[in-house]
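Below, each chain spelled out in residue letters.
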Amino acid sequence: MSFATGLRCRECGTTYPDDARYSCDLCFGPLEVTYDLAAAHGVVTREAIEAGPRSIWRYAPLLPDAGEAPVDLGAGWTPLRRATRLAQRLGVRELWLKDDTRNPTGSFKDRVVSTALSSARRLGFTTAACASTGNLATSVAAHAAAIGWPSVTIIPHDLERAKVAMSSIFGGTVLAVEGTYDDVNRLCVELVDEHGDWAFVNINLRPYYAEGSKTIAFEIAEQLGWRLPAQVVVPVASGSQFTKVAKGFAELRALDLVEGAPPRLFAAQAEGCSPVAAAHARGDEVVTPVRPATIARSLAIGNPADGPYVLDELRRGGGDAGAVTDAAIMEGIAELAETEGIFAETAGGVTIATLRQLLERGTLDPEASIVAVISGHGLKTLDAVAGRAGVTATVAPSLAAAEAALAADLLVAAS
Ligand SMILES: *Cc1c(COP(=O)(O)O)cnc(C)c1O
Ligand SMILES: [Zn+2]
């Protein structure tokens, strides 16, 4: 059972029923799902949630379209791990990693696809579609396959090979566009008008898609023993995840499931595509689009739809935004792997490197608790680490050769 009541315009507040619409008739503002939190108060309890499935659907009352059988490959309820070795390296007291590499298709996108397609099914759509920087295409294709729907996923032509393979293996149509993600998105907006029964999860299903990201906040609080962390670092592409993590914490507070101040949220971007961090640094209220050039392809959105809302949340919540170089991203991936045994994709490198940058800048407090969202698996971006990850030495199959190579490497490691 869901406490969702309908949709509301984020700009002018006009309300609508929970049907297949995504922008306001009056002002063209984006819509978001509303809930009757007063009715949910006291009904949605910690105990009720804890008795639920080990997936995002344990929060069904706070998601749209949590019917009998949501579209579900098992997204969510990923580990929140205390990172003591990385904390020591960074000089912080309490660090936690939300390990979203552990989702069914290896990225946090499984959360949003699970909610979007559950709504799409109720609303009568028959084909799953999306504009994607890679991870979304994979997740849409996988979830569509599992419910027997055709899928049409549209990506920039120059994505990582693993992301293309992972999207096409599920048997859907994968269209590569000669252009950037922003070109892909523009094209998809046109396709929405042509194909009324196609559910572009992040365009015409966007209000329902976005709700899936709230579950990251829900899980963080529950996994900390119904406690709010002081600070959370979130990677930003379109900004949807960031704004909905904030919404998730706000809903938990409204339901009195947690106490205390809302966490300060920090936005992580790659320097080669940092329109939100740049606007925040300038004190702007709007985002100036950029042309992306970064190894963090999953975050390469130059004209982020939710950019202004991220800026708004940063101002209201007292957070900050950082932007890191490709070299720092590589360093972040290696640092996370070497200290905690987690292999993240480039977006995870962005999060870790930004965490370090904001500590150095002094806006992140090393004495207060920090959660870093690690949003995708490293096997998706093997190309990016190719120059760094390889064998230590290749040797003849003899003890002498092995010992010589080992001695040489240990000598290097010791120096
Ligand atoms: C899509 C994506 C994000 C950010 O998503 P937005 O909600 O568009 O900001 C972060 N990390 C990874 C790995 C992603 O695929
Ligand atoms: Zn409006």
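Here, the structure is the one placed above.
Note that the structure is predicted; figures quoted are calculated from it, not measured.

(A) Examining the environment of A39 more closely. Position of A39 relative to the elements: it lies in helix α1 (residues 37-40). Here A39 falls in the partly exposed class, since its relative accessible area comes to 33%. As a C-alpha pair, A39 and C27 span twelve residues in sequence and 30 Å in three-dimensional space.

(B) View of the packing of aromatic side chains. Counted by the stated rule, this structure contains two aromatic pairs. On the numbers, 5.0 Å between centres and 50° between planes, the contact of Y59 with F218 is tilted. Linking Y59 in the loop between α2 (46-50) and β4 (80-82) with F218 in helix α9 (residues 214-223), this pair joins segments that are 159 residues apart in sequence. With centroids separated by 6.1 Å and ring planes inclined at 40°, the aromatic side chains of W198 and F200 adopt a geometry described as tilted. Exposure class is identical for W198 and F200. Each is buried. Across the ring face of Y309, the terminal group of R10 is positioned such that the distance to the ring centre comes to 4.0 Å. Between R58 and the ring centre of W77, over which it is positioned, the NZ or CZ distance is 3.7 Å.

(C) Representation of the site of ligand 1 within the structure. Within the structure, ligand 1 sits among 15 residues, and K109, N135, S238, Q241 and S375 are positioned closest to it. Within the side chain of N135, an N or O atom sits 2.8 Å from an oxygen atom of ligand 1. Note that an oxygen atom of ligand 1 is positioned 2.8 Å from one of the backbone N or O atoms of Q241. Summarising the interface, the protein chains cover 98% of the accessible area of ligand 1, which totals 390 Å² for the free molecule. Of the residues belonging to the shell around ligand 1, the class tally is six nonpolar, seven polar and two charged.

(D) Region of interest: the coordination of the zinc ion (ligand 2). The protein atoms donating to the zinc ion (ligand 2) are C9 (SG), C12 (SG), C24 (SG) and C27 (SG), with metal-donor distances spanning 2.3 to 2.4 Å. Note that the zinc ion (ligand 2) binds four donor atoms; their angles at the metal cover 98 to 120°, and the shape is tetrahedral. On the primary sequence, the residues serving as donors to the zinc ion (ligand 2) are separated as C-x2-C-x11-C-x2-C. Of this pair, C9 sits in strand β1 (residues 4-9) while C27 sits in the loop between β2 (15-16) and β3 (31-35), placing them 18 residues apart in sequence. For C9, a relative accessible area of 3% corresponds to the buried category. When its relative accessible area of 32% is taken as the criterion, C27 is described as partly exposed.

(E) Just the sheet that holds strand β10 (residues 231-235), in detail. The six strands lie next to each other as β4-β5-β13-β10-β11-β12, forming an open sheet whose pairing is mixed. Single-partner strands in this sheet number two, and they are β4 and β12 (320-324). Strand-to-strand twist across the sheet, computed as the mean angle between neighbouring axes with direction ignored, equals 25°. Relative to the sheet, helix α12 (residues 307-317) contacts β11 (264-270) and β12, its axis offset from that of β11 by approximately 140°. The strands touched by helix α14 (residues 346-361) are β5 (95-99), β10, β11, β12 and β13 (370-374); relative to β12, the strand with the most contacts, the crossing angle is about 120°.

(F) Seen up close, the pairing of strand β7 (residues 151-156). With six of its six residues buried, β7 lies for the most part within the structure. Sheet topology places strand β6 (residues 127-131) next to β7; four bridges connect them, and they run parallel. Counterpart to C130 in the pairing with β7 is T153. Following the chain from β6 across helix α5 (residues 135-147) to the adjacent parallel β7, one finds a crossover that is right-handed. Relative to strand β8 (residues 173-177), β7 is paired through five bridges, and the arrangement is parallel. Residue pairing for β8: I154 is matched across the bridge by L175. You can see the chain leave β7, run along helix α6 (residues 161-168) and come back into β8, and the turn it takes is right-handed.

(G) The arrangement of the pattern of salt bridges in detail. What the rule picks out here adds up to 33 salt bridges. The shortest N-O distance in the salt bridge between R10 and E32 comes to 3.8 Å. Here R10 is found in the loop between β1 and β2, whereas its partner E32 is found in strand β3, with 22 residues between them in sequence. Residue E32 is classed as buried on the basis of its relative accessible area, which comes to 16%.

(H) Seen up close, the packing of α5 against α6. Closest axis-to-axis distance for the α5/α6 pair is 8 Å, and the angle between their directions is 15°. Between α5 and α6, the angle falls in the class roughly parallel. By crossing handedness, the relation of α5 to α6 is classed as left-handed. Of the residues in α6, those in contact with N135, A137, T138 and A141 of α5 are K163, M166 and S167.

(I) Structural context of helix α10 (residues 240-254). Across its 15 residues, α10 extends 21 Å between first and last C-alpha, which sits within 8% of the 21 Å expected from 1.5 Å per residue. Phi turns positive one or two residues past the end of α10, at D256, with a value near 55°.

(J) Spotlight on the environment of A293. Positionally, A293 belongs in the loop between α11 (275-282) and α12. C-alpha of A293 to C-alpha of A270: the two residues are 23 residues apart in sequence and 8.9 Å apart in space.

Definitions and cut-offs
- Residues numbered from 1 in each chain as written.
- Chains lettered and ligands numbered in written order.
- Predicted model: local features only at pLDDT ≥ 70, side-chain atom pairs only at ≥ 80, totals over all residues.
- Heavy atoms only, no water.
- Helix = DSSP H or I, 4+ residues; strand = E, 2+ residues; numbered from the N terminus.
- Buried < 20%, exposed > 50% of the residue type's maximum accessible area, 1.4 Å probe, protein only.
- Phe/Tyr/Trp six-rings, centres within 6.5 Å; stacked < 30°, edge-to-face > 60°.
- Lys NZ or Arg CZ within 6 Å of the ring centre and 35° of its normal.
- Near = heavy atom within 4 Å.
- Polar contact = N/O pair within 3.5 Å; in protein donor to acceptor, adjacent residues only side chain to side chain.
- Areas by Shrake-Rupley, 256 points an atom, 1.4 Å probe, with all protein chains shown as cover.
- Nonpolar A, V, L, I, M, F, W, Y, C, P; charged D, E, K, R; others polar.
- Donors = N, O, S within 2.8 Å, 3.2 Å for Na, K, Ca; no water.
- Tetrahedral: all angles 85-135°; square planar, octahedral: opposite > 155°, others 65-115°.
- Pairing = 2+ DSSP bridges.
- Axes fitted to C-alpha atoms, helices over the stretch in contact; angles between N-to-C directions.
- Contact = heavy atoms within 4.5 Å.
- Right-handed = clockwise from strand over helix to strand, strands pointing away.
- Salt bridge = Lys/Arg side-chain N within 4 Å of Asp/Glu carboxyl O.
- Parallel < 35°, antiparallel > 145°, perpendicular 65-115°, else oblique.
- Left-handed = near helix turned anticlockwise from the far one by under 90°.
- Expected span 1.5 Å × (residues − 1).

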